[in-house]
Amino acid sequence: MEMDLPPGSSLTEEWPLGDDAMMAVVDLQPRTAQSHALLSFFKDYSSEMTFVRNLDVTGYTHFQVFKDGKGKKWLFKPHPLTKEDRALADEIVDFFAERAGLASRVPCFAGRLGSRVGVFVEWFDSQGELSQLIYEYGREFLQHLTREQLIQLVQEHVLDAYAANHDAHSRNFLILSDGTLKGIDKSGAYQFVGDPQEDISGTYNPNQKAFIVSKAVYEYLFDDLVHDRLAGRLTLAQAQQEAEKIAAVLDQISDGEYMDIFNNGYAKLRFDVLKRPTERFIHDEKTFLRFVLQRKHEFRQKFQEHYRNLKEQLSQFQNRRRAFQRRLIKNLEISTGSPHQQLLQSLSVELFSNNADFEKLLDTVESQPQLFSQIVIDVDSLIRSDRYIGSAWELRDF
């Protein structure tokens, strides 16, 4: 069963792409004599693909579905004039994803249909995007993913960090019917190489996107990990272990193989033919190649530094939480005259570790000590209530 068509989409009968009427649809973008030089970088698949249907998607591109000679479906995503190198960027990242053996990989290859340049992306039947969970659950959307899905996100972060892709927002993750997450649209890879502010933390936001659905998913993933919100399914230590598997594989790519990837078309097309620099930072092919190789050499170190920083943040949070718990236990013992030890040594997940606002609570208590007395009263009332005693809340030791 295929994905539902977006509003306004049309379903067209299959017919050979070589038909003049079909070519009129394919060649939507005019070419100048100068721009024809770039076409030699892309194989023309016009005679190998059979048109299935149009997907009218809001924006500057026209998406279409095709079948190859073996009957496999491919979504053709054209790239706009002067940015055709992005199709090769998609292909480069797919090479890394295949090498790493990622379950989240979406196979793709760059090519053209007549003079229309783009990327062919393997078609998957999807239940929707990760963004739909945000619309349903808000900031706590990651707490509704399975352990396997969280691991796929962690590993996908390694791929995007390695390829300098900073466009991993929630709409660029599909959820398949079997629950597998698929990371799509890697055309933004290497666009900001050379920016001294670039990092792999997930918080680097060069496109200045502010909305939760538009910012990188990894920013929220790591924030949840360092605040124990995903405990029970994935800890920070487990996340690092899963990420390390992918980083180790990518680290085995030799310098020669790595540079061949860029020298076989991408760098020349981008800097010599299109003359398109990285965003504000690098303007020539030689400098770009030097930066990407340096980035490769430094990746493992930066990756390890990233997880060391996360561990420090987690430790700080756990220390603050333990201090708060000890203070709460002591005051409850004083106020009630009863130790409540068995109960208090295992405070509920609902009250603490699964509360997205717990750090705000700590900040408030530390800045306004007078509020702590009210918290003691509230928690003591909760402990004594039938609601707590009769509940089936999950308990854990801190």
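Remember, predicted model here, so these are calculated numbers, not experimental data.

A. Up close: helix H4 (residues 147-162). The terminal C-alpha atoms of H4, which comprises 16 residues, lie 23 Å apart, in line with the 22 Å expected from a rise of 1.5 Å per residue. Where H4 ends, the next residue or the one after it, Ala164, has phi of about 55°, a positive value.

B. Up close: the environment of Asp44. Summarising the element assignment, Asp44 is placed in the loop between helix H1 (20-26) and strand S2 (50-55). Residues Asp44 and Arg116 lie 72 residues apart in sequence; the distance between their C-alpha atoms is 9.0 Å. Residues in contact with Asp44, not counting those within four places in the same chain, are Arg112, Leu113 and Gly114. A polar side-chain atom of Asp44 sits 2.6 Å from a polar atom in the side chain of Ser46.

C. Focus on the sheet that holds strand S8 (residues 173-176). Reading across from one edge, S7-S8-S9 is the order of the three strands in this open sheet, with antiparallel pairing throughout. Both outer strands of the open sheet, strand S7 (126-129) and strand S9 (181-183), are each paired with one neighbouring strand and no more. Pairs of neighbouring strands in the sheet enclose a mean axial angle of 30°, with direction left out of account. Here S7 runs beside S8; their pairing, made up of three bridges, is antiparallel. Counterpart to Gly128 in the pairing with S8 is Ile175. Across the sheet, H4 lies against S8 and S9, angled at about 15° from S9, the strand it touches most.

D. View of the nonpolar core. Of all hydrophobic cores here, the largest spans 79 residues; its most connected members are Phe96, Leu142, Tyr190, Leu221, Tyr258, Phe262 and Phe288. The residues touching Leu142, leaving out its near neighbours within four places in the chain, are Leu150, Leu153, Val217, Tyr220, Leu221, Asp224, Leu230 and Arg233. Ranked by size, the runner-up nonpolar core spans nine residues in total, among them Met49, Phe51, Phe76 and Leu113.

E. Quick peek at the pattern of salt bridges. The final tally for this structure, using the stated rule, is 22 salt bridges. Where Asp85 meets Arg270, a salt bridge forms, and the shortest distance between an N and an O atom there is 3.8 Å. Note that Asp85 is positioned in helix H2 (residues 85-100) and Arg270 in helix H7 (residues 255-273), a separation of 185 residues in sequence. Comparing Asp85 with Arg270, the two get one shared label, buried. Taking the shortest distance from any N to any O, the salt bridge between Arg139 and Asp224 comes out at 2.9 Å. With a gap of 85 residues between them, Arg139 in the loop between helix H3 (131-137) and H4 and Asp224 in helix H5 (residues 217-225) connect regions that are remote in the sequence. Arg139 sits in the partly exposed class, given a relative accessible area of 27%. Look at Asp224 and you get buried, because its relative accessible area is 0%.

What counts as what
- Residues numbered from 1 in each chain as written.
- Predicted model: local features only at pLDDT ≥ 70, side-chain atom pairs only at ≥ 80, totals over all residues.
- Heavy atoms only, no water.
- Helix = DSSP H or I, 4+ residues; strand = E, 2+ residues; numbered from the N terminus.
- Expected span 1.5 Å × (residues − 1).
- Contact = heavy atoms within 4.5 Å.
- Polar contact = N/O pair within 3.5 Å; in protein donor to acceptor, adjacent residues only side chain to side chain.
- Pairing = 2+ DSSP bridges.
- Axes fitted to C-alpha atoms, helices over the stretch in contact; angles between N-to-C directions.
- Core = buried A, V, L, I, M, F, W, Y, C linked by side-chain atoms within 4.5 Å.
- Buried < 20%, exposed > 50% of the residue type's maximum accessible area, 1.4 Å probe, protein only.
- Salt bridge = Lys/Arg side-chain N within 4 Å of Asp/Glu carboxyl O.

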